[in-house]
Amino acid sequence: MQGKYKALWLNDDDFYEYLEVIDQTKLPFEYDTKILTTTDEVVRAIKNMTVRGAGVIGSVAAFGIYIAAIEVEGDYEKLKEKANLIRESRPTAVNLMWAVDKMMELLKDSEDPEDSDALAEAALEFAIQLNDEEALESQKIAQYGCDIIEEILKKKNKTKINILTHCNAGWLAVIDEGTALAPIYEAKRRGIDVHVWVDETRPRNQGASLTAWELAQSEIEHTIIADNTGGHLMQHGEVDMVIVGADRVSASGDVANKIGTYLKALAAYDNNIPFYVAIPASTFDFSIKDGVKEIPIELRSPDEVRYMKGVDDEGIVREVLITPKDSPAINYGFDVTPARLITGLITNKGVCEADFDKIQEKFKRENI
Ligand code: MRU
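It should be emphasised that the depicted structure is a prediction, and the values quoted were computed from it without experimental measurement. Sequence positions are assigned chain by chain, starting from 1 and proceeding in written order. Owing to the predicted nature of the model, reporting of local features is limited to residues with pLDDT of at least 70; listing and counting of side-chain atom pairs is limited to 80 or more, with chain, interface and lining totals taken over all residues. The side-chain numbers reported here are obtained from all heavy atoms of the structure, hydrogens and water having been left aside.

1. Comments concerning the pairing of strand E2 (residues 17-22)
Inference 1: Across the 6 residues of E2, 5 count as buried, placing the element largely inside the fold.
Inference 2: Strand direction decides the pairing type here: strand E1 (residues 8-12) and E2, joined by 5 bridges, are antiparallel. Across the sheet, residue Leu8 finds its bridge partner in E2, namely Val21.
Inference 3: Paired strands, as defined in this entry, are two strands with at least two bridges between them according to DSSP. The helix count covers DSSP runs of H or I at least four residues long, the strand count covers runs of E at least two residues long, and both are numbered beginning at the N terminus. Inspection of the sheet shows E2 paired to strand E3 (residues 33-36) by 4 bridges, in the antiparallel sense. Following the sheet pairing, Val21 is matched in E3 by Lys34. Each residue gets one of three labels from its accessible area relative to the maximum for its type: buried under 20%, exposed over 50%, partly exposed in between, using a 1.4 Å probe on protein chains only.

In structure tokens form, the structure reads like this:
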């Protein structure tokens with residue numbers, strides 16, 4: 001699978017299982033991990049993006065409910081309060097709310113007045129189950145997505161594919177192998193010659209810092225580009241397809257993803273380049289129809305725009321101001337790409353048109 005690392009895992013210290021995660025704020029300069037033992041630590045890790053990426057936020061939230069269940073000593077009513085804190089830690093990725101709601105629903109009959117450990121034990125079991133299911137979905141996305149890569153190569157009579165991606169939707173973002181990057185890992189396994197254009201993804205540089213790091217770990221050929229380069233490359237035949245992940249997809253197939261995704265979709269549409277969005281079922285939000293109007297967009301600190309982080313010649317990580325000291329900045333975390341610009345959704349159930357009826361047919365009638 002993804003090689004020697006994982007975004008999160010459980011450790012056993014003989015008394016109880018505890019959660020450890022990769023500290024993604026330190027990559028690519030340093031590989032470090034954090035142990036999360038309290039609800040507050042879980043909430044902080046999600047807010048400050050120690051862990052990020054829609055799927056991984058959901059995974060950590062599910063284990064967060066387990067950690068919270070230990071803290072409340074088996075009291076479901078008290079657990080509800082802690083669950084809300086986790087649920088509200090970031091607003092756009094619906095996987096977070098989905099994981100918390102699903103855990104709370106599964107746990108509603110698990111309180112046992114005779115056994116204060118019962119709730120936490122059940123929570124651990126459900127969190128593992130939920131994560132196993134997500135991992136399986138990622139593996140299916142890898143297969144279906146890679147079939148599309150093969151089709152495109154066949155149609156174009158080419159042997160090498162150039163894929164553009166935005167932000168990070170690899171194994172750091174969704175267990176097991178991610179969403180957008182899962183078909184790329186599978187392409188490598190199938191012996192396909194693949195090159196990835198990696199959008200740097202300002203302001204937090206998830207492309208330059210995380211996607212490039214992931215691809216380098218797996219020895220996949222890639223080139224980091226400034227965010228504004230994609231359109232130019234598309235005009236000159238240097239992009240065969242775009243694959244991105246998503247943080248929330250409306251019932252009609254509008255896609256919220258990292259800020260800048262919409263501009264890539266417009267450029268791809270104008271240049272007749274297939275634009276795919278890879279998602280697990282938990283990324284759908286069936287309560288929302290018009291994504292542009294209804295999906296809540298996270299507004300983050302302007303300082304993420306005003307400052308840049310990097311490593312100096314002595315190997316010291318520093319943050320530097322790159323704007324005039326008093327100029328204001330605004331930092332929208334996500335944008336919404338309307339369904340009409342999307343070639344298809346690569347899901348665990350195969351490729352689905354970004355269309356209300358098609359999505360309903362494939363997903364809504366089943367319990368996802
Ligand atoms: O702010 P982040 O890093 O949590 O945002 C993540 C993204 O927007 C990714 O693009 C991704 O597609 C969603 S995670 C599969």
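2. Quick look at helix H9 (residues 261-270)
Inference 1: Of the positions making up H9, those classed as buried are Thr261, Lys264, Ala265, Ala267 and Ala268. The arc that holds the buried residues of H9, viewed along the axis, is 165°, so those residues lie on one side. The exposed set on the far side of H9, more than 90 degrees from its buried face, consists of Leu263, Tyr269 and Asp270.
Inference 2: Two residues or fewer past H9, Asn272 is found with a positive phi of approximately 60°. Working definition: the arc comes from the directions between the helix axis and the C-beta atoms, pointing outward to the latter.

3. What about the nonpolar core?
Inference 1: Here, nonpolar core refers to any group of buried Ala, Val, Leu, Ile, Met, Phe, Trp, Tyr and Cys residues whose side-chain atoms link them within 4.5 Å. Ranked by internal contacts, the top residues of the largest apolar core, which has 44 residues, are Leu8, Val60, Ile65, Leu79, Met103 and Leu107.
Inference 2: Broken down by secondary-structure element, the contributors of at least two residues to this core are E2, helix H1 (39-47), helix H2 (54-71), helix H3 (76-87), helix H4 (94-107) and helix H5 (118-156).
Inference 3: Counting residues per element, this core draws most heavily on H2, which supplies 12 residues.
Inference 4: One finds Leu27, Leu153, Ile243 and Ala278 within the second-largest nonpolar core, a separate group that totals 32 residues.

4. Comments concerning the pattern of salt bridges
Think of it this way: side chains of opposite charge can pair up when their charged atoms draw near.
Inference 1: Salt bridges are counted wherever a side-chain nitrogen of Lys or Arg sits within 4 Å of a carboxyl oxygen of Asp or Glu. Enumeration according to the criterion identifies 23 salt bridges in this entry.
Inference 2: Its salt-bridge partner being Glu298, residue Arg300 comes within 2.9 Å of it at the nearest N-O pair.
Inference 3: Relative accessible area serves as the criterion here: at 13%, Arg300 is assigned to the buried category.
Inference 4: Through salt bridges with shared partners, one network takes in Asp147, Glu150, Glu177, Glu186, Arg189 and Arg190.

5. Thoughts on the UniProt feature "active site" (unreviewed entry) in the protein chain
Inference 1: In the numbering used here, UniProt assigns the "active site" (unreviewed entry) feature to Asp247.
Inference 2: In this structure Asp247 touches Ala54, Thr92, Ala93, Val94, Asn95, Ala256, Asn257, Lys258, Thr283 and Phe334, once residues within four positions along its chain are discounted. UniProt positions are given in the numbering used here, feature names are shortened, and annotations may be inferred rather than shown by experiment. Contacts between residues were defined by any pair of non-hydrogen atoms, one from each residue, lying within 4.5 Å.

6. Digging into the site of the ligand
Inference 1: Near the ligand, the surroundings consist of 18 residues, among which Arg90, Gln206, Asp247, Asn257 and Lys258 are the closest.
Inference 2: Measuring from an oxygen atom of the ligand, one finds a side-chain N or O atom of Asn257 at 2.7 Å.
Inference 3: Just so you know the grouping, Ala, Val, Leu, Ile, Met, Phe, Trp, Tyr, Cys and Pro go in nonpolar, Asp, Glu, Lys and Arg go in charged, and all remaining residues, Gly too, go in polar. Here the shell around the ligand is built from residues that sort into 8 nonpolar, 6 polar and 4 charged.
Inference 4: What marks off one domain from the next here is an automatic or database domain assignment. Split by domain, the residues of the shell around the ligand number at least three in each of domain 1 (8-133) and domain 2 (140-367). Nearness is judged by heavy atoms alone; a residue qualifies as near a molecule or strand once a single heavy atom is within 4 Å of it. Distance and chemistry together define a polar contact, namely a pair of N or O atoms within 3.5 Å, with one atom able to donate a hydrogen and the other to accept it when in protein, and with adjacent residues in sequence counting only for side-chain atoms on both sides.

7. Some remarks on the UniProt feature "binding site: substrate" (unreviewed entry) in the protein chain
Inference 1: If you check UniProt for "binding site: substrate" (unreviewed entry), the listed places come out as Arg52, Gly53, Ala54, Arg90, Gln206, Asn257 and Lys258 in our numbering.
Inference 2: Its location among the elements puts Gly53 in the loop between H1 and H2.
Inference 3: Using a relative accessible area of 10% as the deciding quantity, one classes Gly53 as buried.
Inference 4: Summarising the element assignment, Arg90 is placed in the loop between H3 and H4.
Inference 5: A residue is classified by how much of its surface remains accessible, and Arg90, at 5% relative accessible area, is buried.
Inference 6: The contact partners of Arg90, leaving out residues within four places of it in the chain, are Ile46, Lys47, Met49, Arg52, Ile57, Leu96, Met97, Lys258, Glu298, Arg300 and Phe334.

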